Amino acid sequence: MGRWGLFVTLEGIEGSGKSTLGTRLIQALRDQGLPVTATREPGGTPAAEAIREALLHPDLSWDPWAETLAMLAARRENVVRVILPALRDGHVVVCDRFMDSTYAYQGFGRGLPLRVLARYHRFVLMGVRPHLTLLVDLPVEDAFRRLQRSHDRFEQETRAFHERVRQGYLRLARRAKKRFVVLDGRKSPDELLQEALPIVLERYRLRRGKRKRP
Ligand code: TMP
């Protein structure tokens with residue numbers, strides 16, 4: 001039997017501090033001697049990074065379903081080529097955004113039915129689901145203040161859109177209490193790491209005890 005690792009995803013609206021937490025978490029896990037694979041979405045492989053460029057390009061416009069399918073195409077690449085092999089090798093996989101971004105942005109943000117998004121995911125993910133999702137929650141107002149100069153296609157969306165995304169994330173977290181840990185994005189990067197690191201280490205220890213397929 002393979003040595004199955006731990007799959008951790010980071011979620012939150014832009015400006016929440018999730019990527020900063022991710023960078024620090026990855027470093028802290030490596031400092032502890034754990035095998036870590038870091039990836040992000042959309043992205044993670046050359047083809048998926050090319051899709052990312054088109055998806056985030058501020059001058060392009062996308063039909064909501066086309067946008068969703070492109071996100072899923074990039075996700076499939078990342079799952080097959082990066083996440084699954086790393087989990088098989090027993091790694092902690094830290095992914096900056098994953099399926100909950102699609103539920104939050106395309107589902108709650110754009111209004112597409114979650115039921116259909118879930119059906120697509122059953123095909124795309126091949127059973128690979130996050131074991132732990134760290135949601136960095138921050139009021140949209142604070143996030144907008146932090147994001148003064150960046151303007152990708154999603155950052156250009158209205159405040160109301162981002163509010164729907166934030167509330168969507170919180171609903172997803174309430175629905176999957178065992179998987180989600182909600183962190184307060186108003187805390188300092190040090191405080192966020194101090195909260196997140198022991199949780200990840202504990203889940204990793206438990207997974208290694210079980211050694212089963214994700
Ligand atoms: P970020 O990784 O720099 O936050 O940017 C990725 C953007 O893509 C972000 O605005 C959220 C958006 N996104 C979706 O709308 N759906 C998805 O499934 C993913 C992974 C990202």
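The structure presented is a predicted model; accordingly, all values stated were derived computationally and were not measured.

**Regarding the packing of aromatic side chains**
Applying the stated rule across the entire model yields five aromatic pairs. Taking 5.9 Å as the distance between ring centres and 90° as the angle between the ring planes, the aromatic pair formed by Tyr 105 and Phe 154 counts as edge-to-face. Taken together, the residues span a long stretch of sequence, with Tyr 105 in helix H4 (residues 99–109) and Phe 154 in the loop between helix H6 (140–146) and helix H7 (159–175) at a distance of 49 residues. Taking the relative accessible area as the measure of exposure, Tyr 105 reaches 4% and is therefore buried. Look at Phe 154 and you get buried, because its relative accessible area is 5%. Plain terms: the ring middles of Tyr 105 and Phe 161 are 6.1 Å apart, the flat faces sit at 55° to each other, and that makes the pair tilted. Taken together, the residues Tyr 105 in helix H4 and Phe 161 in helix H7 connect sequence positions 56 residues apart. For the pair Tyr 105 and Phe 161, a shared accessibility class is recorded, and that class is buried. These aromatic residues form a ring-pair network of at least three members: Tyr 105, Phe 154, Phe 161 and Tyr 169. For Arg 75, the ring lying beneath its charged end belongs to Phe 98, and the centroid distance is 5.3 Å.

Definitions and cut-offs
- Residues numbered from 1 in each chain as written.
- Predicted model: local features only at pLDDT ≥ 70, side-chain atom pairs only at ≥ 80, totals over all residues.
- Heavy atoms only, no water.
- Phe/Tyr/Trp six-rings, centres within 6.5 Å; stacked < 30°, edge-to-face > 60°.
- Helix = DSSP H or I, 4+ residues; strand = E, 2+ residues; numbered from the N terminus.
- Buried < 20%, exposed > 50% of the residue type's maximum accessible area, 1.4 Å probe, protein only.
- Lys NZ or Arg CZ within 6 Å of the ring centre and 35° of its normal.

Nothing here speaks to function; it is geometry throughout.
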